[in-house]
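# Structural overview for review
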Amino acid sequence: MLDTLLACLSRPRRLALALTCAASLASAEPFTIVDEGGYEATFDAPVTRIVTLQRYNVEFARAIAGAEVIVGLDRSTWKDRAYWPELDESTVVAASQFDIDYERVVAQEPDLLLVARNGAWQEAREKLAPFGIPVVVLTGWDVLRHEENITLLGQLTGKPERAEAFNAFYRKHMDLLAERISDDIERPKVYFEAERENVTVLNGSGWHDMIAVAGGQSLFGDVDVAALPESSRNVNIYVVEPEAVAAANPDIVLRLTPAIIGPVPGEKAEDLVRSIKARPALMDSNAVRDNQVFLMSYHMAGGVSKMIGALQLAKWLHPDRFEDVDPEAVMREWIEDWQGQSYPGPQSFVAQP
């Protein structure tokens, strides 16, 4: 306890903040957490200074403990300036979760570093161990681990009630999806693209899980990842030949728009949909024939560990079962109530015949 108090007081903060730190330590009980990889870390008090990488984790830190606890993040997240007005450039400590400036991390004097399991957590643990900075693996994009992740974040920050309220928001909509998507439901084949043509996802990706939760079948979800060349095993970036897309004949095409907060732009969206429909690999597909080409913003698709994306996709895949559901309203609640930001406008686009 004394070592932690001395570390707290040694930071170049104002006296009032140091006294607050001392008071909180005096009343706090040490606690130990176990992350999703089995790593254990013990803290003398709830953390108040977090470096967190990747948008999902940064959003969750803000949702549970407020932006004031975020003392470091990656540039790929920070560059969405309209979405992160509270965080100035001095808080940027990494280009991404794979490219971390450890000197900048240490200079922020964080209580811990949060990084997803597909980030550079092994390297970070090695680099930060001499400075006593724990590296906790928390994968905010994983729709199947959301509640465990948020419970852990509530424990770390001393905000268990806030974490449980957020989990209740998540459960409400995930329970609805589970209730209406039965095991024997017909699952349309979904061809998913993030931002690049002929680049999709495989089983093991969070996007694959989102499609499954929504009652769809990922077009290349049956590819044996282990049988692929090692250079092709990134489940989030699987390059496909147009001929393979044509042969698989998707029922639905879902394309994401760039990861910057804002409405899906109408005119550009129409142009993008037209170009998708005109591709030789897709022009004769069920998706184009039945006008089932959809656009969704990255923010909506990934919202709340991809729960909101699953909800919107389910409404497109099974409109008769989700007629009464308004994913845009759920998205508005996420942005306004949990992120404290202004809702930017519609986050999805439906192709016109």
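Every chain is numbered on its own, with residues counted from 1 as its sequence reads. Owing to the predicted nature of the model, reporting of local features is limited to residues with pLDDT of at least 70; listing and counting of side-chain atom pairs is limited to 80 or more, with chain, interface and lining totals taken over all residues. Only hydrogens and water are removed before side-chain values are computed, so all heavy atoms of the structure are retained for them.

Before going further, it helps to examine helix H11 (residues 266-277). Every α-helix carries 3.6 residues per turn, so stepping three or four residues along brings you back to the same face. Between the first and last C-alpha of H11 there are 16 Å, a value that for 12 residues agrees with the 16 Å anticipated at 1.5 Å per step. Buried within H11 we find Ala 269, Val 273, Ile 276 and Lys 277. Down the axis of H11, the smallest arc covering the buried residues is 95°, so these residues share one side. Along H11, exposed side chains directed more than 90 degrees from the buried face belong to Glu 267, Lys 268 and Arg 274. Buried residues belonging to H11 abut strand S13 (252-257), helix H12 (286-289), strand S14 (293-297) and strand S15 (348-350). We count a stretch as a helix when DSSP gives it H or I for four or more residues in a row; a strand needs E for two or more, and each element gets its number in order from the N terminus. One fewer than the residue count of a helix, multiplied by 1.5 Å, yields its expected span. The rule is simple: take the accessible area with a 1.4 Å probe, protein chains only, and divide by the maximum for that residue type; under 20% is buried, over 50% is exposed, in between is partly exposed. It is the directions from the helix axis to the C-beta atoms that the arc portrays. Contacts: residue pairs with any heavy atoms within 4.5 Å of one another.

Paired through backbone hydrogen bonds, the strands of a sheet run either parallel or antiparallel to each other. Any two strands with at least two DSSP-identified bridges between them are counted as paired. Taking strand neighbours across the sheet as the criterion, the 6 strands line up as S6-S5-S4-S3-S7-S8 in an open arrangement whose pairing is mixed. The open sheet terminates on both sides in strands that have one partner only, identified here as strand S6 (99-100) and strand S8 (135-137). Only the stretch in contact is used when a helix axis is fitted, and all axes are lines through C-alpha atoms; the angle between N-to-C directions ranges over 0 to 180 degrees. In the packing of helix H3 (residues 55-65) onto the sheet, contacts are made with strand S3 (50-52), strand S4 (70-74) and strand S7 (112-115), and the angle to S4 comes to roughly 160°.

A few words on the nonpolar core. Working definition of a nonpolar core: buried Ala, Val, Leu, Ile, Met, Phe, Trp, Tyr and Cys residues. They are joined through side-chain atoms within 4.5 Å. Core analysis: the biggest nonpolar cluster contains 76 residues, and Leu 156, Phe 166, Phe 192, Trp 207, Leu 254 and Trp 334 have the highest contact counts within it. With 12 residues, helix H13 (residues 298-317) is the single largest residue contributor to this core. Grouped together as the second largest cluster of nonpolar side chains are 24 residues, Val 245, Ile 276, Leu 295 and Phe 349 included.

Turning to the pattern of salt bridges, a few remarks are in order. The salt bridge definition used is simple: a Lys or Arg side-chain nitrogen within 4 Å of an Asp or Glu carboxyl oxygen. This model, assessed by the stated rule, comprises 17 salt bridges. As a salt-bridge pair, Arg 125 and Asp 35 come within 3.0 Å of each other at their nearest N and O atoms. Taken together, the residues span a long stretch of sequence, with Arg 125 in helix H6 (residues 121-128) and Asp 35 in the loop between strand S1 (31-34) and strand S2 (40-43) at a distance of 90 residues. On the accessibility criterion, Asp 35 (6% relative accessible area) is buried. A salt bridge links Asp 324 to Arg 180, with the nearest nitrogen and oxygen atoms 2.7 Å apart. Here Arg 180 lies in helix H8 (residues 160-180) and Asp 324 lies in the loop between H13 and helix H14 (327-338), a separation of 144 residues in the sequence. In this structure Asp 324 comes out as exposed when scored by relative accessible area, which is 59%. Several salt bridges converge on common partners, so that one network encompasses Glu 36, Arg 117, Asp 142 and Arg 145.

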